[in-house]
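Notes for the structure review
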Amino acid sequence: MLQERIEPAWIDAFDTVLRRCALQPGDAVAILCETQSRPVLVELARLSAARLGAQAFVLTLPSVFTSNEPVTRSTGACEAVAQMAPVISALAACALVIDCTVEGLMHAPELPAILKGNGATQPRIVYVSNEHPEALARLLPDDATEARVKEHVKRMRAAKAMRVTSSAGTDLTISLQGAVVGGNWGATIRPGTLTHWPGGLVLAFPAAGSVNGRLVLAEGDVNLTFKRYIERPITLTIEQDHVTRIEGSGVDAELLRSYFAAWGDKESYAVSHVGYGLNDAARWDSMALYDKRDFNGTELRAFAGNFLYSTGANEVAGRHTRGHFDWPMRACTVQLDGHTVVDHGKVATA
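Report follows, based on the coordinates. All of these numbers come straight from a predicted model, not from anything done at the bench. (Residues numbered from 1 in each chain as written. Predicted model: local features only at pLDDT ≥ 70, side-chain atom pairs only at ≥ 80, totals over all residues. Heavy atoms only, no water.)

**So, the pairing of strand β4 (residues 124-128)**
Summarising burial for β4: five of the five residues are buried, a large majority. Every second residue of β4 is oriented toward a common face, with Arg124, Val126 and Val128 on one face and Ile125 and Tyr127 on the other, all of them buried. With four bridges connecting them, strand β3 (residues 96-99) and β4 associate as parallel partners. The residue bridging valine 97 from the neighbouring strand is isoleucine 125, located in β4. Bridge analysis of β4 against strand β8 (residues 194-197) gives four bridges, and the strand direction is parallel. Each bridged residue has a counterpart across the sheet, and for valine 126 the counterpart in β8 is threonine 195. (Buried < 20%, exposed > 50% of the residue type's maximum accessible area, 1.4 Å probe, protein only. Helix = DSSP H or I, 4+ residues; strand = E, 2+ residues; numbered from the N terminus. Pairing = 2+ DSSP bridges.)

**What about the packing of helix α1 (residues 8-20) against helix α2 (residues 39-51)?**
One can describe the packing of α1 onto α2 by two numbers: an axis separation of 9 Å at closest approach and a directional angle of 60 degrees. You can see that α1 and α2 cross each other, and the crossing is right-handed. Only Leu41, Leu44, Ala45, Leu47, Ser48, Ala49 and Arg51 of α2 make contact with α1, whose side of the interface consists of Trp10, Ile11, Asp12, Phe14, Asp15 and Leu18. For the contact of α1 with α2, the class distribution of residues is nine nonpolar, one polar and three charged. (Axes fitted to C-alpha atoms, helices over the stretch in contact; angles between N-to-C directions. Left-handed = near helix turned anticlockwise from the far one by under 90°. Contact = heavy atoms within 4.5 Å. Nonpolar A, V, L, I, M, F, W, Y, C, P; charged D, E, K, R; others polar.)

**Here's the deal with the pattern of salt bridges**
A complete count under the given rule lists 19 salt bridges for this structure. Among the ionic pairs, arginine 38 bridges to glutamate 4, the shortest N-O distance being 2.5 Å. Taken together, the positions of arginine 38 in the loop between β1 (28-34) and α2 and glutamate 4 in the segment before α1 put the pair 34 residues apart, joining distant regions of the chain. The closest approach of N and O atoms between aspartate 15 and arginine 51, which form a salt bridge, is 2.4 Å. Pair noted here: aspartate 15 is in helix α1 and arginine 51 is in helix α2, with a separation of 36 residues, a long-range link. Exposure remark for aspartate 15: the relative accessible area of 4% places this residue in the buried category. By relative accessible area, which is 48% here, arginine 51 ends up partly exposed. (Salt bridge = Lys/Arg side-chain N within 4 Å of Asp/Glu carboxyl O.)

In structure tokens:
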């Protein structure tokens, strides 16, 4: 395990991100965390904001624990805010919120109210993924990744359909009509928006009834919810957005069946989002080099050329569930309206 103590290089990394988020001296900055947040990230955020001249404060909320459902991971929906009006008001009044909660605010129900602002100020939010700072420092936002993500967001928003295939047997059709499309490059300067660091991917949240076909998780693909590389293939049949059949032998398939079934919720089997990674600095093999507690896995979602399929909550389709899987897949071909954007796991040139 790497030691989680303050290093100058890690403060510099936070400085870089906050500057790219247009932080100005005198800006009001909330550093949002919870009792189970990684302390070193909170301290790095505090030191960096102070070094850049911001008026920063740390807001620590109690982490939420439940005893009547399966272990919850990788949801992107922090529960610590718990609809507390004073907390929402405090965050809405800031120029910047540095989100150091464990899961982040991306799918939290309070996010729209926070991003709306208070009439005088409208915040932007940067979620610092719950990674070891070494990983964050390797994956700083840069101009090239930002430009690439913006280009692919435009291409996906203009498309009506996505098709995903692979030599392992994946053949998936996805209607993009009615989908909400977005991208992330690790920084934001626009009020009323949220970004996450590390970044470098483009995603679509499809409307209901948009996804059908076969998804094959091949050897070396990633189950990020379990922080595990797939060792034996799993074939998923997807009908009207939902996984209706799980075929495969071995522990990978058994774990999938077990965790899906544990929720007792049909919507946990449904698609959350689909997309692909565009970050050349992110590495597929990095998960092998970290202890599980050091590693959150955003890097695996963003490595260039992966196809990312996720199950769980999808506000666009009107589905809400706490069960969630993220599967970054290698060697897939992704087409938008017949035009190849990822070719056998490599981002295609325009």
